Amino acid sequence: MAAADRFAGVRDEQLVHVISFLPVRDAARTAVLARRWRPLWLRTGTINLDSTSYRRQTYSYYGDDAIDGERLFADAYDALAATTTSPARRLSLFMEANSEKSCDASLGIETRGWYRNDDYNRLQYLLAEPSLRELEEIRVGFRFPNDSNLHLNYKVKLVLRQEFLPWAHNLRVEVYAPRLRSFSYSGRYCFLWKFLGIFRGTKALKLQLLHMEHLVADEGELDEPLPVLHGLERLELEVPQDPDCRKDSAAAIATLLRQCPVIHHCRLRFSEAYSWRRRNETDARPEFDVSVDLFNKRESKEIALMVEGDGDDSSSVPDLPGLTGCRFSCLQSHLKYVKLQFELKRLNCFEVCLAKFFAENCKVLEVLQIEDGDQHFLSHINRMVERWRLNALNQSDSM
């Protein structure tokens, strides 16, 4: 008796969605499961390439596994040829190599001693395929011990994830993408502003960095002025915040505001730096039941008296040197939405000071959203932020 088909009750659209996350080789193999499955992988509109499934054991002097780059990119071309009825909308590529020689070989780059010929780069030839002109999103992940290059002439969303080998230093990624629609990056980059200068016309930028100081430009490292992102309207930044590096954090935010003069939507998410998290991992968290009880009694006379007697705590929140008192064009006429996400530890922490700065200096601000973690109902800083904003508006009207 034939085994029951466990996927009989699953719709084709759901299966196509699941298959869209598989590497292209595994996605094509689903066609042999049953007649129903044969056309499904061709309808995903996605081509996922992962070099980890193309490794072959070698016995070279370097002792590392080589990547069958020729077979990897051949499968990519075969997938493009097979999906003519449903053009690819998303291309995902992850390349990993343990040595520079293996990296160059997988991409088809000719190397002889110090000589390196990048004329026939398999990745660049693939991205230049006419059948990819309808791409909407390109996801590229690198784990290379040497430099990487990307040339894109599509109006697409680029998601770049760069991982580094522990012993590799001073790596570089060069991207040429004059028609880029949006860009997302996660990884480590020493000369970040040289990199961001490529995206002067990009409207949306999402960055996930390992250190706040990567945004602070060292004039000694640059041979030209910092690039101004004249087209950037939406910025999302996720970065660890070390309470002991307040000066660098303020300088980083000042640099962002100065180089993004027309930004109108800004979301900043600060996580705890690893060193700070280890020192405070035993901190007690507020009792949830107590917070709920305070919230339920928020209309009572007792809570009202506590709120009214809260007073103005602005004196306990210091200014930020490098930010306070400086004039930024985006704050005068463009920035309308700001969202800050962090875990409140102290009232005078950098994130609270930054919230005060935005409340008092954004002239056209419409929304200032604060998510300060798990706190008691009365411990959130929202009321303080409302007072800072109201005082700023009153002072502006009186002038």
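Residues numbered from 1 in each chain as written. Predicted model: local features only at pLDDT ≥ 70, side-chain atom pairs only at ≥ 80, totals over all residues. Heavy atoms only, no water.

Caption draft 1: Representation of the packing of helix α7 (residues 246–259) against helix α12 (residues 350–361). One way to put it is that α7 packs onto α12 with a least axis distance of 11 Å and a crossing angle of 35°. Both α7 and α12 take part in a crossing whose hand is right-handed. Here Arg-246, Ser-249, Ala-250, Ile-253 and Leu-257 of α7 come into contact with α12, specifically with Phe-350, Cys-353, Leu-354, Phe-357 and Phe-358. Of the residues that constitute the contact of α7 with α12, the class distribution is eight nonpolar, one polar and one charged. (Axes fitted to C-alpha atoms, helices over the stretch in contact; angles between N-to-C directions. Helix = DSSP H or I, 4+ residues; strand = E, 2+ residues; numbered from the N terminus. Left-handed = near helix turned anticlockwise from the far one by under 90°. Contact = heavy atoms within 4.5 Å. Nonpolar A, V, L, I, M, F, W, Y, C, P; charged D, E, K, R; others polar.)

Caption draft 2: Summary view of the environment of Asp-75. One can find Asp-75 in helix α3 (residues 69–82). Separated by 26 residues in the primary sequence, Asp-75 and Leu-49 have C-alpha atoms spaced 8.6 Å apart. Apart from the residues lying within four places of it in its own chain, the contact partners of Asp-75 are Val-24, Arg-25 and Tyr-54.

Caption draft 3: How the structure looks around empty space enclosed by the protein. Tallying each qualifying case throughout the model produces five cavities of 30 Å³ or more. Counted as a void, the largest cavity has a volume near 150 Å³. Those elements that place two or more of their residues in the lining of the largest cavity are β14 (265–272) and α12. Considering each element in turn, the lining of the largest cavity owes the most residues, three residues, to β14. Taken together, the residues of the lining of the largest cavity sort by class into six nonpolar, two polar and six charged. What the second largest cavity holds in volume is close to 100 Å³. (1 Å grid on protein atoms, 1.4 Å probe; cavity = no way out; pocket = protein on both sides within 12 Å on 5 of 7 lines; lining within 4 Å. Points joined across faces, edges and corners; volume = space filled by probe spheres on them.)

Caption draft 4: Fine view of the nonpolar core. Within the largest apolar cluster, 93 residues are counted, with the highest numbers of intra-cluster contacts made by Phe-183, Phe-270, Leu-323, Leu-340, Leu-354 and Phe-358. For this core, the leading source of residues is α12, giving eight residues. Sequence-distant contacts of Leu-323, that is, excluding residues within four places in its chain, are made with Ala-250, Ile-253, Ala-254, Leu-257, Phe-328, Leu-354 and Phe-357. (Core = buried A, V, L, I, M, F, W, Y, C linked by side-chain atoms within 4.5 Å. Buried < 20%, exposed > 50% of the residue type's maximum accessible area, 1.4 Å probe, protein only.)

Caption draft 5: Examining the pattern of salt bridges more closely. In total, this model carries nine salt bridges according to the counting rule given. When the shortest N-O distance is used, the salt bridge between Arg-267 and Glu-236 registers 3.1 Å. With a gap of 31 residues between them, Arg-267 in strand β14 and Glu-236 in strand β13 (residues 234–241) connect regions that are remote in the sequence. The closest approach of N and O atoms between Lys-339 and Glu-371, which form a salt bridge, is 3.4 Å. Note that Lys-339 is positioned in strand β15 (residues 337–341) and Glu-371 in strand β16 (residues 367–371), a separation of 32 residues in sequence. Taking relative accessible area as the criterion, Lys-339 reaches 15% and is therefore assigned buried. One connected set of salt bridges, linked through shared partners, spans Arg-25, Arg-71, Asp-75 and Asp-78. (Salt bridge = Lys/Arg side-chain N within 4 Å of Asp/Glu carboxyl O.)

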